[in-house]
Amino acid sequence: MAVANPVRRPGPARLDAATSALVDQAEAMLRGRTIAVLTGAGVSTDSGIPDYRGEGAPARSPMTFQTFLDDERARQRYWAGSHLGWRHFSAAEPNAGHKALADLELRGPVNGIVTQNVDGLHLRAGSRHVVDIHGSMDRVRCLHCGQTFARVDIAARMAAANPWLEAPEGVRLNPDGDVDVDAVDGMVVPACSVCAGVLKPEVVFFGEFVPTEKFREAAALVRQADALVIAGSSLVVNSGIRLLDQASKRRIPIVVVNRGETKGDSRATLKIDAGTSEVLAGLAERLT
Ligand SMILES: [Zn+2]
C-alpha cells in the first residue's frame, strides 16, 4: 500500500555565499550588544501566511474602524472572514525565523520583539517578550464595556451559530487574518456576553492608531537596546518608522533583513536583501 508522504515544510534555505558574507557582517555589528527586533509580515510568509504587499497579495481595501462601527453587513462579512482567517492562523506553525528569534532571546542578546503581525507565531515559537503593536487575532474585545475574551471561545460561539462556516467555498486568506467571503446572509455575529455590545478582534484596523500604552512599551524596548534588527517589514507603517527614527537618532547599528526595498534602507547600517527565515537562522547560529 502506498503511504502518502507527510507534508513537510522545507527547512531554511542555505545561505548563498554573498548573503552569508552579509550575515557575517551583521554578526560583527551585533555581537556583544542588546538587540531589539521589529518584525513584519515577511517573517510569517514561510509559515503560509501571505504578505500584504508581497507577490500575489490580494488587491483589497482594508476594513476601517469607522465602517466596522457603522455598517452591520460589513461587520458580518468581516467576522466571517476573520473567523476563517483565525482558524488558518491557528493551524500555521512557527518557522525557522520565529524559532531563531526565540533562541536569540532565550540565550541572551535579544531583549524582545516588537511585531506588526497579529498571528501569535512569535509567542508560539517560544519568544517571551513580544509587543504586538497591531494587536493579536487571539483576543477579542467588547467595544462597549471593554471586556476581553479569548478568541477560541468566541470562535466556538461563531461556529455553533453558523454551521455553514465549517465548510465554506471559495475563500481567500488575507494576512491580517481576514478572508474574502461573499455569502454572509443570515450570519450571526456573537455579541458581548456581559453587556451585549459589539465585539471586535483586538487588532488595529486601518485608520486606527496603535494604542499609546503599546507603543510606549515598544519604544522602551528599543530604548533599552543598543542595536535594532528589522525583519520582514517594508516599514510602510508609521509606528515602524517611528521606532526606526528612535534608533537612528541614537546612532545604534540598524540591520534590515527583507526581500525587496524598505523605507528604512537609506538609514540601515546594513541591509540584507534575502529571506528572513534563513538569515535569522544564520544569525542565531553565529550569535548563540
Ligand atoms: Zn460588553
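What comes next concerns the included structure. Small disclaimer: the values here were computed from a predicted structure and weren't measured. (Residues numbered from 1 in each chain as written. Predicted model: local features only at pLDDT ≥ 70, side-chain atom pairs only at ≥ 80, totals over all residues. Heavy atoms only, no water.)

Time to look at the overall build of the chain. Helix and strand content of the chain: nine helices and 11 strands. For the chain, the proportion of contacts with a sequence separation of at least 24, taken over those separated by at least 6, is 75%. Of the roughly 14100 Å² of accessible surface on the chain, a fraction of 50% belongs to carbon and sulfur atoms. (Helix = DSSP H or I, 4+ residues; strand = E, 2+ residues; numbered from the N terminus. Contact = heavy atoms within 4.5 Å. Areas by Shrake-Rupley, 256 points an atom, 1.4 Å probe, with all protein chains shown as cover.)

Mapped onto the elements of the fold, asparagine 258 is located in the loop between strand 10 (254-257) and strand 11 (270-272). Contacts of asparagine 258, omitting those with residues within four sequence positions, involve Gly232, Ser233, Ser234, Lys271, Ile272, Asp273 and Ala274.

Here we come to the sheet that holds strand 11. For sheets, the rule is that strands pair by backbone hydrogen bonds, running either parallel or antiparallel. Taken in spatial order, the six strands make up an open sheet running 3-2-1-9-10-11, and their pairing is parallel. Of all the strands in the sheet, the pair left with one neighbour each is strand 3 (130-132) and strand 11. Averaged over all adjacent pairs, the angle separating strand axes in this sheet is 15°, with direction ignored. One ladder, built from three bridges, connects strand 10 with strand 11; its direction is parallel. Paired with valine 257 across the bridge in strand 11 is isoleucine 272. (Pairing = 2+ DSSP bridges. Axes fitted to C-alpha atoms, helices over the stretch in contact; angles between N-to-C directions.)

Look at helix 7 (residues 212-223) against helix 8 (residues 238-249): their axes get within 10 Å of each other, and the N-to-C directions meet at 30°. Comparing the axis directions of helix 7 and helix 8 gives the class roughly parallel. The two elements helix 7 and helix 8 meet at a crossing, and its hand is right-handed. Between helix 7 and helix 8, the residues in contact are Phe215, Ala218, Ala219, Val222 and Arg223 and Ser239, Arg242, Leu243, Gln246 and Ala247, respectively. Considered class by class, the residues forming the contact of helix 7 with helix 8 number six nonpolar, two polar and two charged. (Parallel < 35°, antiparallel > 145°, perpendicular 65-115°, else oblique. Left-handed = near helix turned anticlockwise from the far one by under 90°. Nonpolar A, V, L, I, M, F, W, Y, C, P; charged D, E, K, R; others polar.)

All right, on to the pattern of salt bridges then. A side chain with one charge may pair with a side chain of the opposite charge, provided their charged atoms come close. Considering all chains together, one arrives at 12 salt bridges under this definition. A salt bridge links arginine 286 to aspartate 24, with the nearest nitrogen and oxygen atoms 2.7 Å apart. Taken together, the residues arginine 286 in helix 9 (residues 276-287) and aspartate 24 in helix 1 (residues 17-30) connect sequence positions 262 residues apart. Among the salt bridges present, the one from arginine 267 reaches aspartate 245, with a minimum N-O distance of 2.4 Å. (Salt bridge = Lys/Arg side-chain N within 4 Å of Asp/Glu carboxyl O.)

Let's shift gears to the coordination of the zinc ion. Protein coordination at the zinc ion comes from Cys142 (SG), Cys145 (SG), Cys192 (SG) and Cys195 (SG), with a distance range of 2.3 to 2.4 Å. With four donor atoms in place around the zinc ion and angles of 101 to 116° between them, the coordination shape is tetrahedral. Mapped onto the sequence, the residues coordinating the zinc ion show the spacing C-x2-C-x46-C-x2-C. What makes cysteine 195 partly exposed here is its relative accessible area of 29%. (Donors = N, O, S within 2.8 Å, 3.2 Å for Na, K, Ca; no water. Tetrahedral: all angles 85-135°; square planar, octahedral: opposite > 155°, others 65-115°. Buried < 20%, exposed > 50% of the residue type's maximum accessible area, 1.4 Å probe, protein only.)

Strand order in the open sheet made by the three strands is 5-4-8, with antiparallel pairing throughout. On the outer flanks of this sheet lie strand 5 (148-150) and strand 8 (199-203), each paired with one strand and no other. Within this sheet the neighbouring strands show an average axis-to-axis angle of 40°, counted without direction. Pairing geometry for strand 4 (residues 135-142) and strand 8, over four bridges, is antiparallel. When the sheet's bridge partners are listed, cysteine 142 is paired in strand 8 with leucine 199. Sheet contacts for helix 6 (residues 151-161): strand 4, strand 5 and strand 8; angle to strand 5, the most-contacted strand, approximately 75°.

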